[in-house]
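# Remarks on the overall topology
Here is how the chains run, residue by residue.
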Amino acid sequence: MNAEPINVTGTLIRAKGEVLLSVENISLRFGGVKAITDVSFDIRKGEIRAIIGPNGAGKTSMLNCINGFYQPQEGQIVFKGERRAKMRPHRAAAGGIARTFQNVALFKGMSTLDNIMTGRTLKMKKGFFWQALRHGPAMQEEIAHRRVVEDIIDFLQIEHIRKLPVGKLPYGLQKRVELGRALAMEPELLLLDEPMAGMNLEEKEDMCRFILDVNNQFGTTIALIEHDMGVVMDLSDRVVVLEYGRKIADGTPDEVKANQKVIDAYLGVAH
Amino acid sequence: MSDIATRPAPSLLASPLVKFGLIVAAIVVALAIGVRLDTSNTLYAIFVDPFQQMVQAPDLLVQTVWEGLVSGVLYALIALGFVLIFKASGVFNFAQGIMVVFAALTLVGLYEKGVPAFLAVIITLGVMFALAVTIERVVLRPLVNQPDIILFMATFGITYFLIGFGEALFGGNPKQMIAEQLYLPKGAVDLQILGGLVSLQKIDIAAALIASLMIAALAAFFQYTRIGRALRAVADSHKAALSVGISLNQIWVIVWFTAGIVALITGIMWGARSDVSFALEIVALKALPVLILGGFTSIPGAIVGGLIIGIGEKLGEFYWGPLVGGGIESWLAYFIALGFLLFRPQGLFGDKIIERI
């Protein structure tokens, strides 16, 4: 058993890649409420990492810690070898962490195109002065970024809604636009908070395909929270399971599925 | 044949023309009866006489509308400052009025201290930038995530600080705006129209032009640039804006600085028409009814609202003012705003207020 078999998705190879982000002994409290207690895990370069757990397990809080919306009281986050106790959202974004939200957070009044363009904010460097003039370098820059955004729109197959204000779009499409905005940041780490919540089967399949494509084509590392177990087991390379803010299991989908604690957490256990 | 007979006769009221005609007829009849009963001529003085005057002396009407238009443009500018800040940070900036005074005062004060006029403008812009940075650091950043009312109260604090600071630096006496040194035109253009003489102050023409240019420039900036997009993004959702790496702090500085530039231009224009003193602040409060009319979140709303209030109050003062002894200009704007609050609380262009239950 020394030569481990390499399976089709390359799980084992990737699971051995270098660590992109690791969370070390994170604890987060809101007053007396413990949202997360002493949780550690890592995310390796190029993998799809799922975070699962029953409602209120602290999954979204975990993502919020990673991208700087919350500051954990204890513990540290190491991202690309850089160790920090505190993270600021725009610093996280600049470092290459993009995310989507559980309840879509889009700029409702703006068009799909403009929404995705905001994802390029950090990539656009030309100063206030040129911006105000809308000429010269700022104009060329705008055109170059517009090209990238058009590619993303093609990739997500949302050409037909480019100019529509996103507030009017159906929920499934809004989720897709939100993914597009995150992709426009060309992130190294993409955090997806329930990307398939509230979708029908067909939309779910589309979204799964996009997530796999992003992972394969751009090599983007993805951490996702999802409730649909079928999706989690199919997509992810490794799964971490939280319950009541504590980590109860961590491993490949098959390992996690067989774990007694996980089964108890999901099915309940007789006391 | 039989089926025509059973078909209901088309309602006359279905035609909008007929409906309109009926309404006009009803008004005419009501007026006719009213005039008969109107022994003290009150109704005549309110509903007939002003319009007769307008028709008889159209030149006076044009003159009045023009004056209303000019003050309307300036109201719109002040309201624009409010809208910019409200949109981007959700703060109702009570200090916008005093920022107008402070900017104008700084400009004139610097000039009096011997700084050349255009250099003074640049330095004043620098001061407004420093003010924006300071407000962001000292007031907004510590109060992040506090309820709106607390931020609103904080802007009261800014107001009184600026009054005191401005007075301490430049004294409390009214000052003359340095219009001539800034090459703003003086004098008036007399137009021979409609059988009368209409006199347009050149400074008013300049004010209207500059204000329109600035509004157009701001609109383009908001629509087409990265920073403009970021501003709109912040206005829409703080959390999503943060997630794409927009720095709220930077945006706030930009917004307050932009409001400062708008304040300076407003201050120059208004100061050139009267003089620069803290009394201007009262005028700045007129932006409130403008905002109620136009909606707190709409730039076009601020402009249209400003024009309606400006023209409305001048017409009201000129034609209806004498009925109650004049002086209605100072409160008519608030009265119009009150009417709007009753029927369209979100304003003409504001976002519709939808409350989820």
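Given the structure is predicted, the values throughout are model-derived calculations rather than measurements. (Residues numbered from 1 in each chain as written. Chains lettered and ligands numbered in written order. Predicted model: local features only at pLDDT ≥ 70, side-chain atom pairs only at ≥ 80, totals over all residues.)

Looking now at the overall build of chain A. What chain A contains, in helices and strands, is 11 helices and 10 strands. Across the 271 residues that make up chain A, the buried fraction comes to 42%. (Helix = DSSP H or I, 4+ residues; strand = E, 2+ residues; numbered from the N terminus. Buried ≥ 20, exposed ≤ 12 C-beta atoms within 10 Å, placed from the backbone.)

Moving on, we come to the sheet that holds strand 1 (residues 19-30) of chain A. Residues and elements named next belong to chain A. Spatial ordering of the open sheet is given by 2-1-4-5, a layout of four strands whose pairing is antiparallel. In the strand order of this sheet, the two ends are held by strand 2 (33-44) and strand 5 (82-84), each with one partner. Sheet twist, expressed as the mean angle between neighbouring strand axes with direction ignored, is 15°. In this sheet, strand 4 (residues 74-79) lies alongside strand 1 in antiparallel orientation, the contact comprising five bridges. Following the sheet pairing, L21 is matched in strand 4 by F79. (Pairing = 2+ DSSP bridges. Axes fitted to C-alpha atoms, helices over the stretch in contact; angles between N-to-C directions.)

Here we take up helix 4 (residues 58-89) of chain B. Residue and element names in this part refer to chain B. In this model helix 4 runs 45 Å from its N-terminal to its C-terminal C-alpha over 32 residues, within 8% of the 46 Å that 1.5 Å per residue would give. Taking burial as the measure, the 32 residues of helix 4 include 24 buried ones, the bulk of the element. Two residues or fewer past helix 4, G90 is found with a positive phi of approximately 70°. (Expected span 1.5 Å × (residues − 1).)

Residues and elements named next belong to chain A. By the criterion of burial, strand 7 (residues 189-193) is predominantly enclosed, with five of the five residues buried. Of the two faces of strand 7, the one carrying L189, L191 and D193 and the one carrying L190 and L192 are both buried. In this sheet, strand 7 lies alongside strand 6 (residues 97-99) in parallel orientation, the contact comprising three bridges. What sits directly across from I97, in strand 7, is L189. Here strand 7 runs beside strand 8 (residues 221-225); their pairing, made up of five bridges, is parallel. Looking at the pairing, L189 lines up with T221 of strand 8. On the question of chirality, the crossover connecting strand 7 to the parallel strand 8 by way of helix 8 (residues 201-218) is right-handed. (Right-handed = clockwise from strand over helix to strand, strands pointing away.)

The next point concerns the interface of chain A and chain B. Across the boundary between the two partners, chain A contributes 25 residues, which contact 19 residues of chain B. Tallying contributions element by element places helix 3 (residues 89-95) of chain A first for the side of chain A that touches chain B, with four residues. A breakdown of the residues in the side of chain A that touches chain B according to their chemical character gives 13 nonpolar, seven polar and five charged. (Contact = placed C-beta atoms within 7 Å. Nonpolar A, V, L, I, M, F, W, Y, C, P; charged D, E, K, R; others polar.)

All names here are of chain A. Residue position: R146 is located in helix 6 (residues 136-155). According to the C-beta neighbour criterion, R146 is partly exposed, with 14 such atoms within 10 Å. On a C-alpha basis, the gap between R146 and Q102 in space is 27 Å, while along the polypeptide they are 44 residues apart.

All right, on to the sheet that holds strand 9 (residues 238-243) of chain A then. Residue and element names in this part refer to chain A. Spatial strand order, 6-7-8-3-9-10: six strands in an open sheet with mixed pairing. Bordering the open sheet on either side are strand 6 and strand 10 (246-251), each of which pairs with just one other strand. Ignoring which end each strand starts from, the neighbouring axes of this sheet average 20° apart. Helix 11 (residues 260-267) rests against strand 9 and strand 10 of the sheet, and its axis sits at about 125° to strand 10.

Attention now goes to the pairing of strand 2 of chain A. All names here are of chain A. Bridge analysis of strand 1 against strand 2 gives eight bridges, and the strand direction is antiparallel. Bridging across to strand 2, V19 finds its partner in R44. Remark: two residues form the turn of the hairpin made by strand 1 and strand 2, two consecutive strands paired antiparallel; G31 in that turn has positive phi of roughly 60°.

The next subject is the environment of E203 of chain A. Structurally, E203 of chain A can be placed in helix 8. When the C-alpha atoms of E203 of chain A and G17 of chain A are compared, they prove to be 31 Å apart, with 186 residues separating the residues in sequence.

Residues and elements named next belong to chain B. Contact geometry of helix 4 with helix 13 (residues 287-294) gives a least axis separation of 9 Å together with a crossing angle of 75°. With respect to helix 13, the element helix 4 is oriented roughly perpendicular. Only A287, V290, L291 and G294 of helix 13 make contact with helix 4, whose side of the interface consists of Y75, A76, I78, A79 and F82. Residues belonging to the contact of helix 4 with helix 13 are distributed by class as follows: eight nonpolar, one polar and no charged. (Parallel < 35°, antiparallel > 145°, perpendicular 65-115°, else oblique.)

Moving on to unusual backbone geometry. Residues and elements named next belong to chain A. Of note in the backbone geometry, Q157 takes a positive phi value of approximately 55° without being a glycine. Within the element layout of this structure, Q157 appears in the loop between helix 6 and helix 7 (171-184). Taking the number of C-beta atoms within 10 Å as the measure of exposure, Q157 has 11 and is therefore exposed. With a phi angle near 45°, Y244 is a residue other than glycine that sits in the positive phi range. Following the sequence through the fold, Y244 ends up in the loop between strand 9 and strand 10.

All names here are of chain B. Considering every residue of chain B, the mean pLDDT works out to 82; 93% of them sit at 70 or more. Ranking the elements of chain B by mean pLDDT puts helix 1 (residues 2-6) last, at 53, and helix 6 (residues 117-140) first, at 92. We note a pTM of 0.75 for the whole complex and an ipTM of 0.78 for its interfaces. (pLDDT = per-residue confidence, 0-100.)

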